[in-house]
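Take a look at the letters that make up each chain.
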Amino acid sequence: MNSEVNTSYINAFSLFIACKSLGIKLFTTHQKPFTPIPKIKKSISTEYLFFTEEKSLREAIKSDSKKIFYPREIDIDLIDNKYKLSKSLASNFNKVKIIPQEEINENYEKNFPVIIKSKTSWLNGRETERGWICNSKNEYLQNLNNLKENGYKLKDFFIQKWIKTKNSRNLSVCGFYDFKNKKRNLHTLVERIEELENQISGSIALETVLDKLGLIKESEKLLDFLKYKGPYEIEFIETEGNTYFLELNPRFWMQNSIFYPHKNGLVKRYLNLDNEEDHKIQTLDYTFWINGIFLVQSIVLFRLKYLYLLLKKVLIKRKFIVISPPLSVSFLIVFNLNIAPKVRNLLRILKSR
């Protein structure tokens, strides 16, 4: 059986490894693969589609593709609209709150800081940024002007209160959900423990944590409301004693390989290869995940922070450790991105002498 994915980054390569272990061939339609996933050829037919971003998922749903993929029977115009989805979910949570938000208003001048966010993940054929933090009215107006100069319409954006602090916790419930057959459900709660510097969002390392806030139950209420079937990640932020809903990712997210050591339960469910034995695992034992590319880059630059973090987790927890992509692939990527260009440049200089 063959399958395809539209991207080739870390989350897609994790799917490639998971499929390969099940005897499934995964190809990418990406013209210049970032990771070593084989490119699809015209002669290859595929049965399953995997999605790691919303644009291709939306296109598949709108085109009524005959291939198998999840989620399928959903209102993509609701799920892929952060502003509309948050408003519709307000009454579906018990403990979780919705972050104050409103439509773009050029005369807005209260409650800074705020963040300007795109309502959808893609606009004008481009993936949008996570957002623009505005600490003052001047920053707010400047960012609005930048959006207009770049050809965007302000009606496609909204304002959200910026609530993140130094002590905030980024938490996510993720897994596979089948609202019709709940014995198939698989989930875990993870917390980001290292994040990208100078960026609004992005995990370098995370680990599974105990669900003391009841976020898995809160997530199940949301997914039942949406009649959801498929892979998902629901992001929350805990700050100053309150927990807020951030967004729902209706696709395979960056760290989906966290499920691979646990009998490959996520991808097996997606491919409908799960059985009663698989259903005995509905949540995960302690698992630590780290971005292999950042780990290798830091070692090459003699910045040992992430290596120290990895060794600490291995020695103390002694449980499941996931490096994604694996070290061998991460090293090749780092070599091609950072080292090979410098070597080629040096060779050119030596040749010219």
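In what follows, the structure referred to is the one given above.
Here we summarise the structure given alongside this text.

Conventions we followed
- Residues numbered from 1 in each chain as written.
- Predicted model: local features only at pLDDT ≥ 70, side-chain atom pairs only at ≥ 80, totals over all residues.
- Heavy atoms only, no water.
- Helix = DSSP H or I, 4+ residues; strand = E, 2+ residues; numbered from the N terminus.
- Rg over C-alpha atoms; globule rule 2.2 N^0.38 Å.
- Contact = heavy atoms within 4.5 Å.
- Core = buried A, V, L, I, M, F, W, Y, C linked by side-chain atoms within 4.5 Å.
- Buried < 20%, exposed > 50% of the residue type's maximum accessible area, 1.4 Å probe, protein only.
- Pairing = 2+ DSSP bridges.
- Axes fitted to C-alpha atoms, helices over the stretch in contact; angles between N-to-C directions.
- Phe/Tyr/Trp six-rings, centres within 6.5 Å; stacked < 30°, edge-to-face > 60°.
- Salt bridge = Lys/Arg side-chain N within 4 Å of Asp/Glu carboxyl O.
- Parallel < 35°, antiparallel > 145°, perpendicular 65-115°, else oblique.
- Nonpolar A, V, L, I, M, F, W, Y, C, P; charged D, E, K, R; others polar.
- Expected span 1.5 Å × (residues − 1).
- Arc of directions from axis to C-beta.

1. Overview of the overall build of the protein
Along the backbone of the protein there are 10 helices and 17 strands. In terms of C-alpha radius of gyration, the protein reaches 21 Å, essentially the compact-globule figure of 20 Å for 353 residues. For the protein, the C-alpha atoms occupy an extent of roughly 65 × 60 × 50 Å along the three principal directions. Nonlocal contacts in the protein, meaning residues at least 24 apart in sequence, comprise 64% of its contacts between residues at least 6 apart.

2. Quick notes on the nonpolar core
Grouped together as the largest cluster of nonpolar side chains are 64 residues, with contacts concentrated most on F50, L222, F245, L248 and Y270. Those residues in contact with L222, other than ones at most four positions away along the chain, are L89, F93, I234, F245 and L248. Judged by nonpolar contacts, the second largest core, of 14 residues, contains Y108, C134, Y140 and F157.

3. Observations concerning the sheet that holds strand 1 (residues 2-5)
In space, the 3 strands of this open sheet follow the order 2-1-3, with parallel pairing throughout. Every interior strand has two partners, whereas the edge strands, strand 2 (25-28) and strand 3 (48-50), have only one. Each adjacent strand pair in this sheet contributes to an overall mean axis angle of 30°, direction not counted. As judged from the 4 bridges shared by strand 1 and strand 2, these two strands associate in the parallel manner.

4. Looking at the environment of F236
Looking at the element boundaries, F236 is found in strand 14 (residues 229-239). Counting along the chain gives 110 residues from F236 to R126, while the straight-line C-alpha distance between them is 25 Å. Among residues more than four places away in sequence, those in contact with F236 are V96, R169, N170, L171, V173, L215, S219, T243, Y244, F245 and L246.

5. Digging into the packing of aromatic side chains
If you walk through the whole model with that rule in mind, you get 19 aromatic pairs. A centroid spacing of 5.5 Å and a plane angle of 85° characterise the contact between F51 and F69, whose relative ring orientation is edge-to-face. Here F51, found in the loop between strand 3 and helix 2 (54-63), pairs with F69, found in the loop between helix 2 and helix 3 (76-79); they are 18 residues apart in sequence, far enough to count as distant. Considered together, F51 and F69 belong to a single accessibility category, that of buried residues. When the centroid spacing of 5.0 Å and the interplanar angle of 70° are considered together, the rings of F252 and Y270 count as edge-to-face.

6. Remarks on the pattern of salt bridges
Here the structure, examined in full by the defined rule, presents 24 salt bridges. In this structure, R58 engages D80 in a salt bridge whose closest nitrogen and oxygen atoms are separated by 3.3 Å. Note that R58 is positioned in helix 2 and D80 in the loop between helix 3 and helix 4 (82-89), a separation of 22 residues in sequence. Judged by relative accessible area, R58 falls into the partly exposed class, the value being 22%.

7. So, the packing of helix 8 (residues 292-300) against helix 9 (residues 305-316)
Across the interface, helix 8 lies against helix 9 with an axial gap of 7 Å and an inter-helix angle of 120°. Comparing their axes, helix 9 and helix 8 come out oblique. Where helix 8 approaches helix 9, its residues F294, L295, S298 and I299 are matched on the opposing element by Y306, L307 and L310. Across the contact of helix 8 with helix 9, the residue classes tally to 6 nonpolar, 1 polar and no charged.

8. Section: helix 9
Across its 12 residues, helix 9 extends 16 Å between first and last C-alpha, which sits within 8% of the 16 Å expected from 1.5 Å per residue. When we look at burial in helix 9, the residues that qualify are Y306, L309, L310 and K313. For helix 9, the arc enclosing every buried residue in end-on projection is 100°, short of the 170-degree limit, so these residues lie on one face. Facing away from the buried side of helix 9, by more than 90 degrees, are the exposed residues Y308, L315 and I316. On its buried face, helix 9 is in contact with strand 12 (186-195), strand 13 (203-208), strand 16 (287-291), helix 8 and strand 17 (320-324). Of the residues one or two after helix 9, R318 is the one with positive phi, at around 50°.

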